[in-house]
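Letter by letter, the chains look like this.
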Amino acid sequence: MLDGTRAGVDHVSHVVTRSGLLGRTAEQRQLTLLLGHVRNGQGGALLLLGEPGIGKSALVDDAVRAAAGVHLLRLEGYEDESAIPYAGVVRLAIPLRDHVAELPPRQQDALRIAAGVAEGPAPDRFLVGLGVLGLLTTVAEAQPVVCAIDDAHLLDPESLEVLAFVARRIEVEPVGLVFAARDENDVRARLGGVRDLVLGGLEPEAATALLSQALPEPIDPVAATQVADATGGNPLALIDLAQELSADRLSAVGMSDDPVPIGRRLEDHYVRRVRAAEPRVQEWVLLAAADSTGNLDLVRAAALSLGIDDEIGDQAELAGLVELGDDLRFRHPLVRSAVYNAASGAARRRVHRALAESAGSMDLVELEAWHASRATLGADPAVAHRLERAADLAAARGGLASRSSLLARAADLTAPGQLRSARLVGAAEAALAVGAAQTARAHLDAVADTTDPVLRGRILRVDCQLALFTVDATKLARCTAMLVEAADLFRGVEPEREQEALLQAFQFLMTADRRAEGVTPADLGRRLTEAATVADGTYATMLTGMGALMLLPYDEAVPLARAAFDEIGKLPDHRLVGMASAIGSLGMFLWDDAGRRDLMERASVLARQAGALQDLDALLWVTSLAELWGGTVRRAVESVEHVREVRRVMGYDAENVINVAVMAWTDYPREVVHAVAEGAGAVGFGGVWAAGMASLATRDLAEGQYGDAYDKLLPLVEEPFLQVGPAYFPDFVEAAVRSDRPEMAARFAADLEERARVNGSDWCAGVAARSRALVDPDDDAYRAAIELLEGTTARVDLARAHLLYGEWLRRTRRRAEAARQLSTACELLEQTGATMFLPRARAELEATGTAVDAGGAAPRHELTPQELSIARLAAEGHTNAEIGGQLFISPNTVDYHLRKVFQKLAISSRRQLADRLGT
């Protein structure tokens, strides 16, 4: 009897496996193509989406069987592990653990801390992703690797994000990832960037063929077609109907108006099968359904605690409900959901309680808390505390998404009051840290009014971060004031939070610029200075310097701002990477072009090494603006491209990344740039609006529209906004001189000269000398400007100094000298990417009698932003592994791109790179 049951189970399993393949020629071709690429050394990823029973797993199984010579890694998602950070990654990496030692130390540490087998600072999830990428590519050096991930929608969020990261970064490695999932839990969005393939039901012909194949006797063709149509061609539904009903009964069902079991009715069908088993088998199956991790030892331990012997599990397997091996698997997810959903609440709580106790005895802390929470009705302080402890453990491993869900569940089990609110705020903070803005907003909205000052301050901080993340036009302008209010609430209670809120307020003020409401720069400056009196060491110096920038006359503020800028450079790595706004603002205030670039580059490298991509995004964004004022347009454009690449790595839409100032300097239509700038200003991004208007004014200068440039710049310089306004003074001087407003030009040229005297910056002194030469032209002033700017990073300003000098020389009829200056200007403008000035420079050069190539000089190279980044790092002496670690790609990908770089630049060694790459 039992042997016959086993044979029946094996037969059905075979038919189910084959059923997913009927009529799937196109889908099989897609998978075969992917696996062929993997065997040929090209990576790829594919997401199979479909409802339960549609045949996703069968497709994957068949493709993998056909792909000889690959190292197969299998992973399944389990609901019970969805709040255990990196649970899926840990299971995937177990067969590869011997290779961990081959990774760079930072990646080794990240993987071990994430797995909970080592202690240390919580790693960023993207650094864990880089470690997994390195692990897979290391193994793939010996044999192509294919990862088959089933029920991906049930993976813990950290593991899914890591695997999505890997899928987006594999390019020229023999590594493939195939995800199978239901279209649930935002799995499509979380796997953004991975090509998806939606599986529907079988075509009618294939569906009826499958039904006929599964039945032991013929069925009426018309009835078979109607049954196939009623089930939507779902292979599992067809197989189960064939097993459950005779051909005659199916014919009757097909020809009648009675509903055919599908969807909820299919679950009812499974419930009937389970209830046909004896009660102890039913309870054992419910235990297994309540666990879902497939941990057979845990289920057996819980069953024994309920007085259920091990042999009952064997009976459940023989009944065709589960499969037992190293782990426990349901015949199909619908069986599990049917069993669990059909049980009473009391029965579910009973088995969860048993599982919680057994998990506790096995030291499975997160699982214990998860099951205990589901065994509880109403508030339960003890279980809520265990969940909070599990949330803390998750955070220590870098699992902030898991922390958020655990704290939210703890809040559900907490009576209304301050503790419940604190847990909800903590859940919102953790959700926001991983970019889950909607989840964070839902948690924050559930917080009841509170009188606790610290909690109110935390709420304000999260609210402001959400406003920035979601571009909330109703709040952005008020965020600086809200953060000052938060700092006031923290004052005297939590000084570290107070300092963080004020630094955040400084950042938001730079964002809002003149659009900030409810607080003035002087208000924030006083508050920063006040907080500095109770801060220690570095933070006291930083807060004092930032306050001075807003409060004091320039000559008094510079020494304090310089001290603050220097202290930023001494911050620990994890603090430095979050200082983009402070570095950019203080660097501009001091006109310290080289110091600003060096600190930005150092922080960017650290952010890449730590996998801190959100901080890297901010650093690159600030760099793109800094390069327009004190660098090169080419580097600004590259920084924007790097922002796009970072957003792709994080799974965000990169196509809408725009920097309006960079747009103005490149080939975007003027009306588009103006519209984008106005739109940004309207929602509260006053800094974006100002940078856009100033850059359009620079375009006016390039095109000889001096009056228009003057009109755009006048409101920006008459009441200059902190460190930003003076950056526009040199352009304003040129606009004023060329539009016949000498008094205004002289006034702002003198201001620049005084600033240069105070700050000691060659960049500031150079543009001051250039401005003076425009107001009172002579050779000495122009030559001084060129000499001073020659040693700075401000290569566009140097090019424009040569251009202005050449124009003046031509007008004084010194054509030969003018031609030399204008030729240099053309070369520098081409090199730096400031091509909007080239028509003006070439027209002047041609007016000297010099022949000019209308097309301009050929570009020095045509490298993509990624190729240029790799080439620069290689030129600095970094190895492929070091470059890969910084750019979140594998060493193989680095090697692939370097070969393309060598081909494009017509060189054969790294030693030649530095000579071929310019600024």
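Positions within a chain are numbered from 1, following the residues in the order the chain's sequence is written. Whole-chain, interface and lining totals are the exception, using all residues; otherwise, since this is a predicted model, local features are given only for residues with pLDDT of at least 70 and side-chain atom pairs are given and counted only at 80 or more. The side-chain values count all of the structure's non-hydrogen atoms but skip hydrogen atoms and water molecules.

A. The arrangement of the sheet that holds strand S2 (residues 71-76) in detail. Across the sheet, 5 strands lie side by side as S2-S3-S4-S1-S5; this open sheet has parallel pairing. Across the chains shown, the open sheet's two edge strands, defined by having one partner strand only, are S2 and strand S5 (196-198). The average angle at which neighbouring strand axes cross in this sheet is 15°, direction not considered. Two strands pair if DSSP finds at least two bridges between them. We count a stretch as a helix when DSSP gives it H or I for four or more residues in a row; a strand needs E for two or more, and each element gets its number in order from the N terminus. Pairing of strand S1 (residues 44-49) with strand S4 (residues 175-181), which is carried by 6 bridges, proceeds in the parallel orientation. Looking at the pairing, leucine 46 lines up with valine 178 of S4. Any two residues whose heavy atoms approach within 4.5 Å are treated as being in contact. As a rule, the C-alpha atoms of each element are fitted with a line to give its axis, helices using only the stretch in contact, and angles between N-to-C directions run from 0 to 180 degrees. Helix H6 (residues 125-140) contacts S2, strand S3 (145-150) and S4 of the sheet and is inclined by roughly 135° relative to S3.

B. Expanded view of the pattern of salt bridges. Just to be clear on terms, a salt bridge is a Lys or Arg side-chain nitrogen sitting within 4 Å of an Asp or Glu carboxyl oxygen. Summed over the entire model, instances satisfying the criterion amount to 62 salt bridges. Its salt-bridge partner being aspartate 797, residue arginine 770 comes within 3.2 Å of it at the nearest N-O pair. Highlighted residues: arginine 770 in helix H41 (residues 762-775) and aspartate 797 in helix H43 (residues 795-811), separated in sequence by 27 residues. As far as burial versus exposure is concerned, arginine 770 and aspartate 797 are alike and both buried. One salt-bridge network, held together by shared partners, links Asp731, Glu734, Arg738, Arg800, Glu807 and Arg840. Summary of the burial criterion: residues with accessible area below 20% of their type's maximum are buried, those above 50% are exposed, and those between are partly exposed, where the area comes from a 1.4 Å probe applied to protein chains only.

C. Representation of the packing of aromatic side chains within the structure. Centres within 6.5 Å are what make two rings of Phe, Tyr or Trp a pair, Trp counting through its six-membered ring; a difference in plane orientation under 30 degrees is then read as stacked, over 60 as edge-to-face, and the rest as tilted. Counted according to the given criterion, the structure contains 11 aromatic pairs. Pairing tryptophan 665 with phenylalanine 837 gives two aromatic rings, centres 6.1 Å apart and planes at 45°, and the pair type is tilted. Here phenylalanine 837 lies in the loop between helix H44 (815-832) and helix H45 (838-847) and tryptophan 665 lies in helix H35 (residues 660-665), a separation of 172 residues in the sequence. For the pair tryptophan 665 and phenylalanine 837, a shared accessibility class is recorded, and that class is buried. Their ring planes at 35° and their centres at 5.8 Å tell us that tyrosine 782 and tryptophan 808 sit as a pair that is tilted. Placement of tyrosine 782 in helix H42 (residues 779-790) and of tryptophan 808 in helix H43 is noted, with a sequence separation of 26 residues between them. Here the two residues tyrosine 782 and tryptophan 808 agree in accessibility, since each one is buried. Among the aromatic side chains, those forming a connected cluster through ring pairs are Tyr710, Phe729, Phe732 and Phe748. Lysine and arginine charges are scored as sitting over a ring when NZ or CZ, respectively, is within 6 Å of the ring centre and within 35 degrees of the ring normal. One Lys or Arg, arginine 515, reaches over the ring of tryptophan 689 and ends 5.1 Å from the middle of that ring. For arginine 755, the ring lying beneath its charged end belongs to tyrosine 554, and the centroid distance is 4.6 Å.

D. Expanded view of a negative patch on the surface. Every patch collects residues that have over 30% relative accessible area and no salt bridge, joining them within 9 Å if they carry like charges and within 5 Å if they are nonpolar side chains (Val, Leu, Ile, Met, Phe, Trp, Tyr). In short, Shrake-Rupley with a 1.4 Å probe defines the accessible areas, and a residue's cover is counted only from the protein chains shown. Working convention for charge: Lys and Arg count positive, Asp and Glu count negative, and His plus the chain ends are omitted. Taken as the charge centre is NZ of Lys, CZ of Arg, CG of Asp or CD of Glu, depending on the residue. A surface patch of like charges, here negative, comprises Asp309, Asp310, Glu311 and Asp314. Relative to the assigned elements, aspartate 314 resides in helix H16 (residues 311-318).

E. Here's a closer look at the environment of serine 695. Its location among the elements puts serine 695 in helix H37 (residues 686-702). Once the C-alpha coordinates of serine 695 and glutamate 205 are considered, the two residues, 490 residues apart in sequence, prove to be 64 Å apart. Residues within four places of serine 695 in sequence aside, it is in contact with Trp629, Ala661, Ala664, Trp665 and Met836. Polar contacts involving the side chain of serine 695 include one to the main-chain carbonyl oxygen of alanine 691, which spans 2.9 Å. What qualifies as a polar contact is a pair of N or O atoms within 3.5 Å, subject to a donor-acceptor requirement within protein and to the restriction that residues adjacent in sequence count only when both atoms come from side chains.

F. Region of the structure containing empty space enclosed by the protein. Grid points spaced at 1 Å and placed over the protein atoms alone form the basis of the search, with a cavity being a set where a 1.4 Å probe fits but cannot get out and a pocket an open set showing protein on both sides within 12 Å along at least five of seven lines. Lining residues have an atom within 4 Å of a point. Grid points are joined across faces, edges and corners, and a volume is the space filled by probe spheres set on the points. Inspection of the entire model under this criterion finds 6 cavities of 30 Å³ or more. The calculated volume of the largest cavity comes to roughly 160 Å³. Lining the largest cavity are 16 residues; nearest its centre among them are Leu628, Trp629, Ala727, Asp797 and Arg800. Those elements that provide at least two residues to the lining of the largest cavity are helix H39 (729-738), H41 and H43. Here the residues of the lining of the largest cavity are counted per class, giving 9 nonpolar, 3 polar and 4 charged. Of the volumes computed, that of the second largest cavity is approximately 70 Å³. Around the second largest cavity sit Asp593, Arg596, Arg597, Met600, Thr623, Ala626, Glu627, Gly630 and Thr793, which together line it. Sorting the residues of the lining of the second largest cavity by element identifies helix H32 (593-610) and helix H33 (613-628) as the ones contributing at least two each. Three classes are used: nonpolar for Ala, Val, Leu, Ile, Met, Phe, Trp, Tyr, Cys and Pro, charged for Asp, Glu, Lys and Arg, and polar for all others, with Gly counted as polar.

G. Spatial organisation of the packing of helix H36 (residues 670-682) against H37. The geometry of H36 relative to H37 is characterised by a closest axis approach of 8 Å and an angle of 160° between their N-to-C directions. The angle between the axes of H36 and H37 places the two elements in the roughly antiparallel class. Both H36 and H37 take part in a crossing whose hand is left-handed. Note on element contacts: H37 touches H36 through Val688, Trp689, Gly692, Met693, Leu696, Arg699 and Asp700, opposite Arg670, Val673, His674, Ala677, Glu678, Ala680 and Gly681. In the contact of H36 with H37, the residues fall into 7 nonpolar, 3 polar and 4 charged. These descriptions rest on fixed angle ranges, namely under 35 degrees for roughly parallel, over 145 for roughly antiparallel, 65 to 115 for roughly perpendicular, and the rest for oblique. Left-handed is the label given to a crossing in which the near helix is rotated counterclockwise from the far helix by less than a right angle, and right-handed is the label when the rotation is clockwise.

H. Structural view of the packing of helix H22 (residues 418-433) against helix H24 (residues 453-470). Packing of H22 against H24 leaves a shortest axis separation of 10 Å and a crossing angle of 30°. Our classification of the angle between H22 and H24 gives roughly parallel. Note that H22 runs across H24; the crossing there is left-handed. Contacts from Gln418, Ser421, Ala422, Val425, Gly426, Ala428, Glu429 and Leu432 of H22 reach H24 at Leu455, Arg458, Ile459, Val462, Gln465 and Leu466. Of the residues contributing to the contact of H22 with H24, the split by class is 8 nonpolar, 4 polar and 2 charged.

I. Main features of unusual backbone geometry. Phi angles above zero are rare outside glycine, and asparagine 185 is one such case at about 55°. Counting through the fold element by element, asparagine 185 comes out in the loop between S4 and helix H8 (187-190). Given a relative accessible area of 45%, asparagine 185 falls into the partly exposed group. Even without being glycine, arginine 813 reaches a positive phi, approximately 65°.

J. Main features of the nonpolar core. Throughout this description, the term nonpolar core refers to a set of buried Ala, Val, Leu, Ile, Met, Phe, Trp, Tyr and Cys residues connected via side-chain atoms within 4.5 Å. Core analysis: the biggest nonpolar cluster contains 196 residues, and Leu177, Phe179 and Ile568 have the highest contact counts within it. For this core, the element with the most residues is H6, which contributes 10 residues. Ala290, Ile312, Ala316 and Val335 belong to the second-largest nonpolar core, a separate cluster that totals 38 residues.

K. Layout of the pairing of S1. Among the 6 residues in S1, 6 count as buried, and that is most of the element. Neither face of S1 is exposed, since Gly44, Leu46 and Leu48 on one face and Ala45, Leu47 and Leu49 on the opposite face are all buried. Relative to S5, S1 runs parallel, the two being bridged by 3 bridges. Bridged to leucine 49 within S5 is valine 198.

L. Region of interest: the environment of leucine 560. With respect to the helices and strands, the residue leucine 560 is situated in helix H29 (residues 554-568). Judged by its relative accessible area of 33%, leucine 560 falls in the partly exposed class. Apart from the residues lying within four places of it in its own chain, the contact partners of leucine 560 are Thr544, Gly545, Ala548 and Leu552.

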